[in-house]
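A structural walkthrough
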Amino acid sequence: MTPAVVAYGSHPDQFLELTLPDGQDPAPVVVVLHGGFWRAAYGVELARPLAADLAAAGYAAVAVEYRRVGSGGGWPATLEDVAAALDALPDLPDAGRLDLGSVTVAGHSAGGHLAAWAAGRTRLPAGAPGAAPRVRVTAAVLQAGVVDLGRAAEQRLGRGAVQEFLGGEPGEVPGRYAAADPVGLLPTGADVLCVHGTEDDVVPPEQSQRYAAAAAAAGDRVTVRTVPGGHRVPIDPAGEAWAVVRAWLGERTAGRVGGTTLEP
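Residues numbered from 1 in each chain as written. Predicted model: local features only at pLDDT ≥ 70, side-chain atom pairs only at ≥ 80, totals over all residues. Heavy atoms only, no water.

- Taking an unreviewed UniProt entry as the reference, the protein is identified by name as Alpha/beta hydrolase family protein belonging to Geodermatophilus arenarius.

1. Things to note about the overall build of the protein
- Within the protein one finds eight helices and eight strands.
- What you see for the protein is a C-alpha radius of gyration of 17 Å, in line with the 18 Å of a compact globule of 264 residues.
- Here the C-alpha coordinates of the protein stretch approximately 50 × 45 × 30 Å along the principal axes.
- The buried share of the protein, reckoned over its 264 residues, is 58%.
- For the protein, long-range pairs separated by at least 24 residues make up 76% of all intrachain contacts whose partners lie at least 6 apart in sequence. (Helix = DSSP H or I, 4+ residues; strand = E, 2+ residues; numbered from the N terminus. Rg over C-alpha atoms; globule rule 2.2 N^0.38 Å. Buried < 20%, exposed > 50% of the residue type's maximum accessible area, 1.4 Å probe, protein only. Contact = heavy atoms within 4.5 Å.)

2. A word on the nonpolar core
- Ranked by internal contacts, the top residues of the largest apolar core, which has 65 residues, are Val 31 and Trp 38.
- Looking at which element gives the most residues to this core, the answer is helix H3 (residues 110-119), with seven residues.
- Leaving out residues up to four positions away in the same chain, Val 31 has contacts with Val 62, Val 64, Leu 86, Leu 89, Val 103, Thr 104, Val 105 and Ala 106.
- Residues Val 32, Ala 63, Leu 193 and Val 227 belong to the second largest nonpolar core, which totals 25 residues. (Core = buried A, V, L, I, M, F, W, Y, C linked by side-chain atoms within 4.5 Å.)

3. Some points on the pairing of strand E4 (residues 60-65)
- Of all the six residues making up E4, six are buried; the element is thus mostly covered by neighbouring parts of the structure.
- Alternating residues of E4 divide into Ala 60, Val 62 and Val 64 and Ala 61, Ala 63 and Glu 65, and every residue in both groups is buried.
- The pairing of strand E3 (residues 27-33) with E4 spans five bridges and is classified as parallel. Bridging across to E4, Val 32 finds its partner in Ala 63.
- The β-α-β motif built from E3, the intervening helix H1 (residues 48-56) and the parallel element E4 has right-handed crossover chirality. (Pairing = 2+ DSSP bridges. Right-handed = clockwise from strand over helix to strand, strands pointing away.)

4. Regarding the sheet that holds strand E5 (residues 98-108)
- With mixed pairing, eight strands are arranged side by side in an open sheet as E1-E2-E4-E3-E5-E6-E7-E8. Every interior strand has two partners, whereas the edge strands, strand E1 (4-7) and strand E8 (222-227), have only one. Recorded for the sheet is a direction-independent mean angle of 20° between the axes of neighbouring strands.
- Where strand E6 (residues 139-143) meets strand E7 (residues 191-197), five bridges bridge the pair, whose relative direction is parallel. Across the sheet, the residue bridging to Ala 139 is Asp 191, located in E7.
- Running over the sheet, H3 touches E3, E5 and E6 and is turned about 145° from E5.
- On top of the sheet, helix H8 (residues 240-253) reaches E3, E5, E6, E7 and E8; it is set at about 170° to E7, its chief contact. (Axes fitted to C-alpha atoms, helices over the stretch in contact; angles between N-to-C directions.)

5. Remarks on helix H7 (residues 206-217)
- Compared with an ideal rise of 1.5 Å per residue, which puts 12 residues at 16 Å, H7 spans 16 Å between its outermost C-alpha atoms and is within 8% of the ideal.
- Within H7 the residues assigned to the buried category are Gln 207, Ser 208, Tyr 211, Ala 212 and Ala 215. The arc that holds the buried residues of H7, viewed along the axis, is 115°, so those residues lie on one side.
- Against the buried residues of H7 lie H3, E6, helix H4 (149-154), E7 and E8. (Expected span 1.5 Å × (residues − 1). Arc of directions from axis to C-beta.)

6. Side note on the pattern of salt bridges
- Evaluation of the coordinates by the stated rule reveals 15 salt bridges.
- For Asp 13, the salt bridge identified is with Arg 68, shortest N-O distance 3.3 Å. A residue pair is termed long-range when its members are at least 10 positions apart, and Asp 13 in the loop between E1 and strand E2 (15-19) and Arg 68 in the loop between E4 and helix H2 (77-87) qualify at 55 residues.
- For Arg 210, the salt bridge identified is with Glu 206, shortest N-O distance 3.7 Å. (Salt bridge = Lys/Arg side-chain N within 4 Å of Asp/Glu carboxyl O.)

7. Overview of the packing of H2 against H3
- In the contact formed by H2 and H3, the axes pass within 11 Å of each other and the chain directions differ by 60°. In terms of orientation, H2 lies oblique with respect to H3. The chirality of how H2 crosses H3 is right-handed. Contacts between H2 and H3 pair Thr 78, Leu 79, Val 82, Ala 83 and Leu 86 from the former with His 113, Leu 114, Trp 117 and Ala 118 from the latter.
- Each residue belonging to the contact of H2 with H3 can be placed in one class, and the counts come to seven nonpolar, two polar and no charged. (Parallel < 35°, antiparallel > 145°, perpendicular 65-115°, else oblique. Left-handed = near helix turned anticlockwise from the far one by under 90°. Nonpolar A, V, L, I, M, F, W, Y, C, P; charged D, E, K, R; others polar.)

8. Looking at the environment of Ala 128
- For Ala 128, the location among the structural elements is in the loop between H3 and E6.
- Sequence spacing of Ala 128 and Ala 110 is 18 residues, and the spatial spacing of their C-alpha atoms is 20 Å.

Rendered as structure tokens:
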């Protein structure tokens, strides 16, 4: 299956790659957002193996590239790009093959942040980057996600990656943190799966635990699964963490996912 590359903007990093499954019927959509602490050193190549696996499993997989810090990204461009890529789905040449009533956003690390943020776009005030979404996110898979920006900034995860992304400390640019932090955009109404490696020393499992607790308290349906290994185990398509994701997506497609499961 060869992905179709579609630009959603004029910048070289504003494109998505759509890989369709076999058949002609509309397929549930999974948008894959790569990580890399929002920095230009990391790109869509991190998302491609997962997108290919999803398409082989029957999903319409969309791997998104976006502007990152060092290549025209950061606040607000990165958020605007993710929003634009999602909102471009109905206009894709093969949009008839996309079941836009079932749109999952999956992301690893900083991509987990972007996925959680995308799920919460309906909570953004008018005029904020990404407000008034055209496409509703129905589920989010957060793989070792940086999903509590205030705590991540406090801990200086990624050697100050959050501060680079948003252009300052929480006390210096509070409006940016308010508009970008997923924990402030709850409830989203989307089903959520958090997957995290127990030995992750890049993005501590605490990030998933804090977000999941806040989401559950707000009334969202959340499942937390920890697996052995470090920061990159969630993006190994042959690994246990990805098998968890595949099973959860399959249960959602079959209509069997429900309730909240939080690990201690």
